[in-house]
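The primary structure of each chain is shown beneath.
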Amino acid sequence: MNTNSIRFKALVKLGLHLKKFNILDSKYLDLKNCIQKAIDHNPWFTKENILYVFENWAFNLEEKNIEKWLNSYNLNIKKPKTIALVLAGNIPMVGFHDLICVWLSGHRALIKCASKDELLLPYMTAFLEKESKLSSFTYTNRPLAKFDAVIATGSNNSANYFEYYFGNYPNIIRKNRN
C-alpha cells in the first residue's frame, strides 16, 4: 500500500472519529478533555463552535468527498519538502486545511500554532500519525528554521511581517478576510 492511500485512509478514519464523537462516551475522553482545555485557553472558542467545526470536517473527510477533492491533483511527490505553517487562532482548527494539504501531498509540516489554538490541531495530527504510522508533523513555538516553503495566515499587520521574514522563500501569505 502506498503512502498516499495510507494517508487517505487515515483521513477517512479521522472523519469517522469526528462524526461519531459523543461527549458522553468514555472512549472519547481524550478528545473531550482537549475540547475543554481549548475552551479554557481561548475565550472565543465555545463547545458549540468546536462541535460545529467537527461536524463540518466529519462531512469533508467522508471518503467520497476526499476522492472528489483529490481527483484533480497529482500527488506523486518524489522529494518531500518541509513546509512551515504559521497558523491563525481566531477559529478552532482554522489551519487544519493547510495541515492536511501539506500532509496529503507527501510533504512534512513544521507547524507554529497560534497561542490561542494550540490544542485541537495536535490532537488531530496525532490521530493521523497513529492511524497512518507516518510521522509528518512537527510543532514548534520557536522561530521557524530549516524549511523549504511557508504558508502563513494572520492579520494585515502580521502579513507585513510575514512578507519581510519569509520573502526569500516560496510562500503563501494570507491577510485579514472581512
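Residues numbered from 1 in each chain as written. Predicted model: local features only at pLDDT ≥ 70, side-chain atom pairs only at ≥ 80, totals over all residues. Heavy atoms only, no water.

Enquirer: Could you give an account of the pairing of strand S4 (residues 149–153), naming the residues involved and the relevant values?
Expert: In terms of burial, S4 is a largely internal element, five of the five residues being buried. Alignment of strand S1 (residues 82–86) against S4, held across four bridges, turns out to be parallel. Within the sheet, the bridge partner assigned to Ile-83 lies in S4 and is Ala-149. (Buried < 20%, exposed > 50% of the residue type's maximum accessible area, 1.4 Å probe, protein only. Helix = DSSP H or I, 4+ residues; strand = E, 2+ residues; numbered from the N terminus. Pairing = 2+ DSSP bridges.)

Enquirer: Which residues make up the environment of Tyr-161, and what values do they have?
Expert: For Tyr-161, the position within the fold is in helix H7 (residues 156–166). Placed 39 residues apart in sequence, Tyr-161 and Pro-122 show a C-alpha to C-alpha distance of 25 Å.

Enquirer: Quick rundown of the packing of aromatic side chains? Include the residues and the values.
Expert: Evaluation of the coordinates by the stated rule reveals 10 aromatic pairs. Judged by centre distance (5.4 Å) and plane angle (90°), the ring pair of Phe-21 and Tyr-28 falls under edge-to-face. The exposure class of Tyr-28 is buried, given its relative accessible area of 3%. (Phe/Tyr/Trp six-rings, centres within 6.5 Å; stacked < 30°, edge-to-face > 60°.)

Enquirer: Let's hear about the packing of helix H2 (residues 29–41) against helix H3 (residues 47–60): which residues, and what values?
Expert: Here H2 crosses H3 at 130°, and the two axes come no closer than 10 Å. Here H3 runs oblique to H2, going by the angle between their axes. At the point where H2 passes H3, the crossing takes the right-handed sense. Here H2 contributes Leu-31, Ile-35, Ala-38 and Ile-39 to the contact with H3, which in turn contributes Lys-47, Ile-50, Leu-51 and Phe-54. Residues belonging to the contact of H2 with H3 are distributed by class as follows: seven nonpolar, no polar and one charged. (Axes fitted to C-alpha atoms, helices over the stretch in contact; angles between N-to-C directions. Parallel < 35°, antiparallel > 145°, perpendicular 65-115°, else oblique. Left-handed = near helix turned anticlockwise from the far one by under 90°. Contact = heavy atoms within 4.5 Å. Nonpolar A, V, L, I, M, F, W, Y, C, P; charged D, E, K, R; others polar.)

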